[in-house]
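Tertiary structure, described
Letter by letter, the chains look like this.
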There are 2 protein chains.
Amino acid sequence: MGNNGNHGGNHGTERETGGGPAGGALAGIRILDLTRMLSGPFCTALLADAGAEVIKIEARGTGDDARHFAPRQGGEGTYFMLLNRGKRSVTLDLKSPRGRDIVRDLARGADVLVENFRPGAADRLGIGYDAMSALNPGLVYASISGFGQDGPMAGVAAYDIIAQAMSGLMSITGFPDGPPTRVGESMGDIIAGLYGAFGILAALQARAHSGRGQHVDVAMFDSMFSLLVTPLSQYLFTGEEPRRVGNRHPVSTPFDAYRAGDGLVIIAVANERLFARFAACIGHPGLEADGRFSSDERRTRNEPALRALIEEWTGARSVAEVVETLGREGIPSSPIWTVPEAANSAQVAARGLITRFHHPTAGEIPLVPQPVRFSGTPAAVRRPPPLLGEHTDAILAGLLGLDDAAIAALRDDGVI
Amino acid sequence: MGNNGNHGGNHGTERETGGGPAGGALAGIRILDLTRMLSGPFCTALLADAGAEVIKIEARGTGDDARHFAPRQGGEGTYFMLLNRGKRSVTLDLKSPRGRDIVRDLARGADVLVENFRPGAADRLGIGYDAMSALNPGLVYASISGFGQDGPMAGVAAYDIIAQAMSGLMSITGFPDGPPTRVGESMGDIIAGLYGAFGILAALQARAHSGRGQHVDVAMFDSMFSLLVTPLSQYLFTGEEPRRVGNRHPVSTPFDAYRAGDGLVIIAVANERLFARFAACIGHPGLEADGRFSSDERRTRNEPALRALIEEWTGARSVAEVVETLGREGIPSSPIWTVPEAANSAQVAARGLITRFHHPTAGEIPLVPQPVRFSGTPAAVRRPPPLLGEHTDAILAGLLGLDDAAIAALRDDGVI
C-alpha cells in the first residue's frame, strides 16, 4: 500500500512485461478484462492491486461508459479512475471480425478472462466460454451478470437496485414505519465483483492441479441473497418474515444509534458481562438484575424502557464524551462519520486506504486501493487508471508481435 | 451445488482424509479455523463450499457463541448452522498449555490458519503469526478484525454497526429527511469475511511460487470504507459531502422505487435510449425531447416533476403489471421482494441457492451455499454443520496420531 510514485505517461513506450513492479501475490497472472461499469471493474481492480496484469478491452471511440460519468477531472470520470487503477487499456471494435480475432489472440495468452455482458452476448460475438476454452483450455473464464448464465431470469438486465430489491435486502433495511431502503452504495455490483475475484482465484487454485480452466458464473442476485444469513436463519427455520428494525439489531439490545446532546451515537453491548458494566457507566448499577433487562431477549422485548434510560444519560453528553467514557470501559461505541470524516480520519491515513498518483490529464489524483494487507507480497496500485487506448499499440506489438505497419492498418480500418 | 444427500452422524468414525467428496476447486487445502461469530465463519464457509477441508477449533464446553443464538432447532442455533456448514469441530481449552500445543501441532500440517480474535490476543496465547510461521513457514495466516492489526484503533472492539457507522456507509444510507441507516444485514462482518477469502486465495497463489506463507490482515473498517466508490468519487475529487438520497441513484434518474397501485415498484432507466422507450411506455412519447428531461443530469434536477408523471402511470397499475409491461420493452424494473418471497422464488430454486441436509439433532435443515458456480469443480455443501467437538477424537487420532489412551487422558484433564 501507499505507492505514491509518479507513474503517468508511458504511452508508446510500454513494454510487454506488464503488471508493474514485482511483489504482488498475483504477479505473473494475466487477465483479459472485457468488463465495464462497476461489478467487473471492481473485481479486476482487486486483482490488479494484488499484482495481476490486467488488460482492459474498451469499445473503440467511447470506451467504458463510466469514463463519462460526472464528476470529471482532466476530462476523465473520477468514478472510472477509482475503479480502473492499475490496468492497461486497449481499444477494439468488437463488432468487427478482426477486432474479435484480436480478443481471441489475447485470450490464448491469458490466464483469466472476465466479462460482464448480458448472458448470451459473448457467445453471439464468438468470444463466449466454449469458444475461448477451445482455444485455451487453461483459461479461467469468469462471467458476472445480474441473474446468472442460466435459470429463469438469465438474460434479464439488472441494475444494482434490482438485485437489492429482489434479494430481500431492501425489505430488511430501513425503519419499521418507513419504506424498504436501498443501501447507499451499489452493493449488488460490488459484492458480485468480490465474489468474482474469489471465484477466479479458487479456479486458478484448481488449475494448478488439473491444468484446466473453467467457467465461473457469478450473479448479483445470487450473491446478495446468499449473504442474508441473519434473516435466512430466522425465516428458513421458523417461517417468520424478517422485518425492518431500523438501526437496531434484530435480536440483541442495546445495539443501536442513540441520541446524544449533539447527534447520534452508536452503542453496541453484545453480552451480559458488558451490559453490567454499561449499566454502571450510565448510572444504573445493578440494572442487569432488573427482570426487564436481565437477558438479551428481555432487553429486546423492553427496548423502549431501556432506550429511555440510555438516552437520559447520552442526551446529557456529547457524542465524543459518550464514546470516550464507554471506550474506557471497553464498551463498543462510536460516532457516525460522514464520508469526509472517514476519509480524513487517522485510521484511513494509518492503514494506507487512500493513495495518490500522477495521472497524465487529471494531474495528482487520489485512489483507493483494495483493503487487504499482505505481509509478504504487498498489494499496491501499480499504475494510474489508463487513458482510453493508451496501451493498444504496446500490447498489440508486445503480446501479439504486430509490427508498426500492421498496427497502422488496423487503425486505418477502424478496428483499434 | 444442490448436494441433497444425508451426511449426518459420522461421529467417531471420521477418517483423516477429511473434506468430503473430491471435486471442489480447493480440494487438498487444509484450513485451521479459530474464528467465531460471523466474519471468520462466513469466510471459512466459502472456502469449505469450494472444497477446502476446514477444522474449526471451538472453546471446550461452550463452543462458538453463535451456537446459542435464537432461533434454535434440535438444540443448535440456526445462525450457527448456516455459517458452519461443511466444517469439522474440535474442542480445545486454549487457556491450557496442552490445548495450545495441539493448535500448534495442527498448524504444522495446515495450509491456512484463520482467526478473528481481538488483535494481540493470539500473540498472547502463543499462537500469533510470528510463532506459527516459525513452525510452518508455508502457513497463510489470516487475521480478521474490526480495525486491523496496527494503526491507531487496532485493539478497539468493533461490532458490525460500528464498522458501518465509522466507514461512512450509514451516513449515505437512508432518506434525506431521516437518520443515517444501518444496512439490515451485518455487511461489515460479511464483506470482511469475503475479503478474507480473497486474501487467503491470493496468498496461496503467491505461495505456489515462493513456497512461503504470509500474514493476511483484514479489517472490517478498511473493507467497508474502500468499497464506497460512488461517494468517494465525489468527495475525494470535489470536496462535496455525499448525502443520503433515499432509494434514488445519486446521479441517474429515473432510478428509484415508485408507487404502484398495490405497493412499490423499482424502475431503473440508465441511458437515453431506454428513457425514450420508457417515456413512450408511460404514455408520454417524446418526453426525452422535453428540456426538463433531456439528459440524466436534467432529469435528476427535475426529479419531482418526472416522478409525478411516472407515478400517474404506475399508480394506476399493479406492481406485476408495471414489471411485465416495462420488461417487454427491455426496461429494467422489479418488485421489492421480502426475504420469504426471494427464498421461495423460481430463481433461488433454479440456481440451487438453498440446499437441504440431514443434521444429527436438528433433522432436515436448509443451508445456503456460497453463490459462485464453478463449471469444472462444482462447489457444494459437503457436510452438515458439526456438533460441538464432533470430530475431536477423529482429528487428534487421524492428523496427530494420538492413540485412544492419549485422547482419554486429554479428556480427563479437561484439555479437549
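Worth saying up front: this structure is predicted, and the values here are computed from it rather than measured.

Take the overall build of chain A next. Across its full length, chain A carries 17 helices and 14 strands. When its C-alpha atoms are laid out on the principal axes, chain A stretches across 85 × 50 × 40 Å. Relative to its full complement of 416 residues, chain A shows a buried share of 58%. Within chain A, residue pairs in contact and separated by at least 24 positions form 71% of the contacts whose partners lie at least 6 positions apart.

Overlay of chain A on chain B (RMSD 0.0 Å): rotation 180°, translation along the axis 0.0 Å. On this basis, the relationship between the two copies can be described by a two-fold rotation axis. Every residue of chain A has its C-alpha some distance from the rotation axis, and the shortest such distance is that of Phe198(A), at 2.5 Å. Most of the interface of chain A is mirrored in chain B, where 100% of its interface residues again form contacts.

This next bit is on the interface of chain A and chain B. Each side of the interface is counted separately: chain A has 115 residues, and chain B has 115 residues. Counting residues per element, the side of chain A that touches chain B draws most heavily on helix α7 (residues 187-210) of chain A, at 13 residues. Summarising the sheet, strand β8 (residues 215-219) of chain A and strand β14 (residues 373-374) of chain B pair through two bridges and their orientation is antiparallel. Within β14(B), the residue paired with Val216(A) across the bridge is Phe374(B).

On to the nonpolar core, then. Judged by nonpolar contacts, the single largest core of 261 residues is most densely connected at Leu47(A), Phe198(A) and Phe198(B). Ignoring sequence-local partners within four residues, the contact set of Leu47(A) consists of Leu26(A), Ile31(A), Ala52(A), Val54(A), Ala197(A) and Ile200(A).

Take α7(A) next. Spanning 24 residues, α7(A) covers 34 Å between terminal C-alpha atoms, matching the ideal 34 Å at 1.5 Å per step. A large share of α7(A) lies buried, amounting to 21 of its 24 residues.

Here we take up the sheet that holds strand β2 (residues 53-59) of chain B. With mixed pairing, the seven strands of this open sheet are ordered in space as β14(A)-β8(B)-β7(B)-β6(B)-β1(B)-β2(B)-β5(B). For this open sheet the edge positions go to β14 (373-374) of chain A together with β5 (87-92) of chain B, each flanked by a neighbour on one side alone. Relative to strand β6 (residues 112-115) of chain B, strand β1 (residues 30-33) of chain B runs parallel, the two being bridged by three bridges. Its bridge partner lying in β6(B), Asp33(B) is registered against Val114(B).

Hydrogen bonding along the main chain pairs the strands of a sheet, whether they run parallel or antiparallel. Taken together, the three strands give an open sheet; going across it, the order is β9-β10-β11 (chain A), and neighbouring strands pair in antiparallel fashion. Each end of this open sheet is capped by a strand with a single partner; those strands are β9 (255-260) and β11 (333-335) of chain A. Across the sheet, the mean angle from the axis of one strand to that of its neighbour is 30°, orientation sign disregarded. Note that β9(A) and strand β10 (residues 263-268) of chain A share six bridges and pair antiparallel. Residue pairing in the sheet places Ala257(A) in a bridge with Ile266(A) of β10(A). Across the sheet, helix α13 (residues 319-328) of chain A is in contact with β9, β10 and β11 of chain A; its angle to β11(A) comes to roughly 155°. Across the face of the sheet, helix α6 (residues 160-167) of chain B comes into contact with β9, β10 and β11 of chain A while running at roughly 150° to β10(A).

Let's shift gears to the environment of Glu272(B). Residue and element names in this part refer to chain B. When you line up the elements, Glu272 lands in helix α10 (residues 272-281). Judged by local crowding, Glu272 falls into the partly exposed class, with 13 C-beta atoms found within 10 Å. On a C-alpha basis, the gap between Glu272 and Glu288 in space is 7.6 Å, while along the polypeptide they are 16 residues apart.

Residue and element names in this part refer to chain B. β2 sits mainly inside the fold: six of its seven residues count as buried. Pairing of β1 with β2, which is carried by four bridges, proceeds in the parallel orientation. Residue pairing for β2: Leu32 is matched across the bridge by Ile55. At this point the chain moves from β1, through helix α1 (residues 39-49), to the parallel β2, and the crossover so formed is right-handed. In the sheet, β2 pairs with β5 via six bridges, with the strands oriented parallel. Bridging across to β5, Val54 finds its partner in Lys87.

The subject of this paragraph is the confidence of the model for chain A. Residue-level pLDDT values for chain A average 93, and 95% of them are 70 or greater. Counted against residues more than four places away or in other chains, residues 1-21 of chain A, with its pLDDT under 50, gives 43 contacts.

As a further point, take the pairing of β8(A). Residue and element names in this part refer to chain A. The buried fraction of β8 amounts to five of the five residues, a majority that puts the element mostly inside the structure. Where burial is concerned, the two faces of β8 agree: the one with His215, Asp217 and Ala219 and the one with Val216 and Val218 are both buried. Relative to β8, strand β7 (residues 140-145) runs parallel, the two sharing five bridges. Following the sheet pairing, Ser143 is matched in β8 by Asp217.

What follows covers unusual backbone geometry. Residue and element names in this part refer to chain A. At the junction of Thr253 and Pro254, the peptide bond is cis and its omega measures out at -5° in the coordinates. Structurally, Pro254 can be placed in the loop between α9 (229-238) and β9. Residue Met37 is not a glycine yet carries a positive backbone phi of 70°. Within the secondary structure, Met37 sits in the loop between β1 (30-34) and α1 (39-49). Accessibility expressed as a C-beta count within 10 Å gives 20 for Met37, which makes it buried.

Residue and element names in this part refer to chain A. Summarising the element assignment, Ser210 is placed in helix α7. Assessed through the 13 C-beta atoms surrounding it within 10 Å, Ser210 is described here as partly exposed. For the pair Ser210 and Gly138, spaced 72 residues apart in sequence, the C-alpha separation works out to 9.0 Å.

This part takes up the packing of helix α6 (residues 160-167) of chain A against α7(A). All names here are of chain A. Contact geometry of α6 with α7 gives a least axis separation of 7 Å together with a crossing angle of 90°. Classified by the angle their axes make, α6 and α7 are roughly perpendicular. Counting all contacts with α6, which are made through Asp160, Ala163 and Gln164, the residues of α7 involved are Met187, Gly188 and Asp189. For the contact of α6 with α7, the residue count by class is two nonpolar, two polar and two charged.

Cut-off values and rules
- Residues numbered from 1 in each chain as written.
- Chains lettered and ligands numbered in written order.
- Predicted model: local features only at pLDDT ≥ 70, side-chain atom pairs only at ≥ 80, totals over all residues.
- Helix = DSSP H or I, 4+ residues; strand = E, 2+ residues; numbered from the N terminus.
- Buried ≥ 20, exposed ≤ 12 C-beta atoms within 10 Å, placed from the backbone.
- Contact = placed C-beta atoms within 7 Å.
- Least-squares fit on C-alpha atoms with pLDDT ≥ 70 in both.
- Pairing = 2+ DSSP bridges.
- Core = buried A, V, L, I, M, F, W, Y, C linked by C-beta atoms within 7 Å.
- Expected span 1.5 Å × (residues − 1).
- Axes fitted to C-alpha atoms, helices over the stretch in contact; angles between N-to-C directions.
- Right-handed = clockwise from strand over helix to strand, strands pointing away.
- pLDDT = per-residue confidence, 0-100.
- Parallel < 35°, antiparallel > 145°, perpendicular 65-115°, else oblique.
- Nonpolar A, V, L, I, M, F, W, Y, C, P; charged D, E, K, R; others polar.

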